[in-house]
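# Close look at the chain arrangement
For reference, the chains in residue letters:
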Amino acid sequence: MSIEDLLDLTPEEACFSVLDVETTGINSSLNNIIEIGIIKVQNNVVIDQFSSFINPGRAIPIFITNLTGITDDDVYDAPFFEDVAFDISEFLQDSIVVGHNLPFDMGFIKREMRLAGIQNFQPLQLCTLKLARRIFPQLKSKSLGNVAHHLAIKLEDAHRATGDAEATAKILYKIIDAIKNETSINNVKELIEYQFSPSTGMKRPKLSKKMNSDLAVVPNNPGIYYFLNAKGDVIYVGKAKSLRERIRSYLTDSTQRKSKKILDKASRIKTETTNSELTALLTEAEMIKALKPKFNKLLKKYSSKYYIKFEMTNRFPKVSITSDFDFDGNDYFGLYVSRRKAQKIIEVIDKTFSLRECDEKEFKQKRGCFLSEIGRCTEPCINDDIELYRSELEKVYEFLYGKHQNAVNRLLNKMKAYSDELKFEKAGEIKEILTLVLNQIHKSSLLQEPLNRANVFIEVTGFNYEKDYILLLEGKVFIKKYLLNAHDSFEETITDYYENTVSLTNSPNDEDLEKLKIILNWITIHRNNTRIFYLKDYTSKEELYKQISLNHYSPNEPSVNEFDLKNLALLTN
């Protein structure tokens, strides 16, 4: 069946191959598939199924085994992907490939297909996560579990390929029904296009020739847009992954009441492009604080930030939460946007490692406490063993650097010991902490140095493979060719660092810390678009640039567009 024939089918006529993969990690260029499950459905009826363990040719990380239940023994005799690649390709023929967060699964499958000699693997794709974002905007999280719960679908055998695929297939048809209640979807082509639509269930109205002409000059790049009133005052600042699509979203019948108010007061719009969404976010946050536009309610003030502080000025450092960042000889990890999130990490540290939790008054009494009795403290108040304590502290730092294996092993051993002693309540408590650690595996700090000592070069891949370059020097932030830079000191700052002439006499200010929060949060989610280099690993600027091939980069100068909105009129069909 041709692509055109597939696109013309109604959702009831079409076959959907709903798939899910389990992998050894989250990076498709570095990790491998260990299980694949595909459920083929037509008109909400399962008509075929394919599932198989896959031998990844490497050991399965313990946290993946804990998450999925898949062990090295399970995949030992399983086929390599290349052995089943053509079977999978044939199974998917004449169907639309569906998945929840499908780009993740397809990243792995396409790579494996290429390695197996299948170069042009380009099936029609439909992502239920994208559909859920448009049809269920009220859901705070659109994860598979949350969407399934919202639709009263029982998610059985979670984190296993076939179980997740079965749930996704049920979600697919529930979402199709919900979409049909909101708008008219006649065929597969319209359903696939719907996942990229700018607003839920509403079609764009026809626009005047003048407006279409205005919109034509808005680029498809990420960037910042400004609505200006007749006096030229900025009344609203926003950012967008695609300026063109974001501006078009204002021009629909379903646009929010606030957006309509902005349009009523606006007479012009100005756009400035950036290389990536990240620099758009940074520019938006800074411009809102500088201009304080009438219709921007958020980001006008610096938000609260929290850090995990290690009191390194103390012979036996204690860990605590603080909202202050300083160069006082102590180490700071973070940033955390809420005290609750920082407290969760402290809870893991306290229950996994053996640092002291007592205050100075209790410590000076040099008496063992309850924590020492249950093995949750190295007892420095009694033994004065600084080497033992520093060894434990080093393991905590490794955990905060994202190296969780030691913590996972410790918790597994504790849980097993409690189970062997029939202390099932205690074992259950440890399991809760273990789950918390596993949930933090992909969310932990990206920096392998404390914030106050982090000297890091960050490369961000942006739109059309343009790059942004960010330098973090002990909490200070420098961005190459940043829109708001009065003077681009990026290159000279790196030179100064390697010539030991850099002088950070001033602590990071609120603006630096706000940027740092945005940067760390963004790259935690977009790890595949980011590379991190530690300046201490290189002896010179030239060695650093050679490693990351920076000699050829040349980020585009930002483009600026402005057009008149005085004739703005939304025309209905």
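As a reminder, the structure under discussion sits directly above these lines.
Please read all numbers here as calculations on a predicted model, not as lab measurements.

On to the overall build of the chain. Regarding its fold elements, the chain presents 23 helices and 16 strands. In the chain, which comprises 573 residues, the share counted as buried stands at 50%. Residue pairs in contact within the chain that sit at least 24 positions apart in sequence constitute 68% of those at least 6 positions apart.

Now for the packing of aromatic side chains. The description of an aromatic ring pair rests on the distance of the ring centres and on the angle between the ring planes. In this structure the tally under the stated criterion is 21 aromatic pairs. With centroids separated by 6.3 Å and ring planes inclined at 40°, the aromatic side chains of Y225 and Y236 adopt a geometry described as tilted. Of the two residues, Y225 is situated in strand β6 (residues 223–228) and Y236 in strand β7 (residues 234–240); the sequence distance between them amounts to 11 residues. Among the residues examined, Y225 registers a relative accessible area of 1% and is labelled buried. Taking relative accessible area as the criterion, Y236 reaches 12% and is therefore assigned buried. Aromatic pair F333 and Y397: ring centres 5.0 Å apart, planes at 80°, arrangement edge-to-face. Of the two residues, F333 is situated in strand β11 (residues 331–336) and Y397 in helix α18 (residues 386–400); the sequence distance between them amounts to 64 residues. Overall, the relative accessible area of 2% leaves F333 in the buried class. Here the aromatic cluster, defined as three or more aromatic residues joined through ring pairs, consists of Y307, F325, F327 and Y332.

Glancing now at the nonpolar core. Ranked by size, the top nonpolar core spans 36 residues in total, and within it F16, I96, L126 and I175 carry the most contacts. The residues contacting I175, other than those within four sequence positions of it, are T128, L131, A132, I135, F136 and L151. Counting residues in hydrophobic clusters, the runner-up holds 34 residues, among them A342, L355, C381 and A427.

On to the sheet that holds strand β9 (residues 306–310). Sheet strands line up and pair through hydrogen bonds in the backbone, either parallel or antiparallel. Pairing is antiparallel in the open sheet, where 3 strands are placed in the order β10-β9-β11. The open sheet has two free edges, formed respectively by β10 (319–322) and β11, since each of these has just one partner strand. Taking the axes of each pair of neighbouring strands and ignoring which way they run, one obtains an average angle of 25° across the sheet. Direction of pairing for β9 relative to β10: antiparallel, over a ladder of 4 bridges. Across the sheet, Y307 pairs through a bridge with T322, a residue of β10. Against the sheet, helix α14 (residues 339–352) contacts β9, β10 and β11, and its axis sits at roughly 180° relative to β10. Each of β9 and β11 is contacted by helix α22 (residues 510–525), which is oriented at about 65° to β11, the strand it contacts most.

Along the chain, the position of H100 falls in the loop between β4 (96–99) and α5 (102–115). A relative accessible area of 11% places H100 in the buried class. A distance of 3.5 Å separates a polar atom in the side chain of H100 from the backbone nitrogen of L129. Polar side-chain contacts of H100 include one of 3.4 Å to the backbone nitrogen of L144. Ignoring any residue separated from it by four or fewer positions in sequence, one finds H100 in contact with D105, T128, L129, K142, S143, L144, V147 and T168.

The next subject is helix α21 (residues 490–498). Taken residue by residue, α21 has F490, T493, I494, Y497 and Y498 as its buried positions. One side of α21 holds all its buried residues, which, seen down the axis, span an arc of 130°. Structurally, α21 contributes buried residues whose contacts are with β12 (455–461), β13 (467–473), β14 (476–479) and α23 (541–548).

Tallied over the entire structure, the rule returns 22 salt bridges. In this structure, the salt-bridge partner of K536 is E449, at a minimum N-O distance of 3.2 Å. Placement of K536 in the loop between β15 (530–534) and α23 and of E449 in the loop between α20 (424–440) and β12 is noted, with a sequence separation of 87 residues between them. Judged by relative accessible area, K536 falls into the exposed class, the value being 55%. On the basis of relative accessible area, E449 is assigned to the buried category, the value being 8%. Notably, a salt bridge pairs E511 with K515, separated by 3.3 Å at the nearest N-O pair. Here the residue E511 and the residue K515 both occupy positions in helix α22, the gap between them amounting to 4 residues, near one helical turn.

For the pair α14 and α18, interaxial distance at closest approach is 11 Å and the crossing angle is 140°. Here α18 runs oblique to α14, going by the angle between their axes. Like other packed secondary-structure pairs, α14 and α18 cross with a definite hand, here right-handed. Facing α14, whose interface residues are I345, V348 and I349, α18 presents V396, F399 and L400. When the residues that make up the contact of α14 with α18 are grouped by side-chain class, the tally is 6 nonpolar, no polar and no charged.

Parameters at a glance
Residues numbered from 1 in each chain as written. Predicted model: local features only at pLDDT ≥ 70, side-chain atom pairs only at ≥ 80, totals over all residues. Heavy atoms only, no water. Helix = DSSP H or I, 4+ residues; strand = E, 2+ residues; numbered from the N terminus. Buried < 20%, exposed > 50% of the residue type's maximum accessible area, 1.4 Å probe, protein only. Contact = heavy atoms within 4.5 Å. Phe/Tyr/Trp six-rings, centres within 6.5 Å; stacked < 30°, edge-to-face > 60°. Core = buried A, V, L, I, M, F, W, Y, C linked by side-chain atoms within 4.5 Å. Pairing = 2+ DSSP bridges. Axes fitted to C-alpha atoms, helices over the stretch in contact; angles between N-to-C directions. Polar contact = N/O pair within 3.5 Å; in protein donor to acceptor, adjacent residues only side chain to side chain. Arc of directions from axis to C-beta. Salt bridge = Lys/Arg side-chain N within 4 Å of Asp/Glu carboxyl O. Parallel < 35°, antiparallel > 145°, perpendicular 65-115°, else oblique. Left-handed = near helix turned anticlockwise from the far one by under 90°. Nonpolar A, V, L, I, M, F, W, Y, C, P; charged D, E, K, R; others polar.

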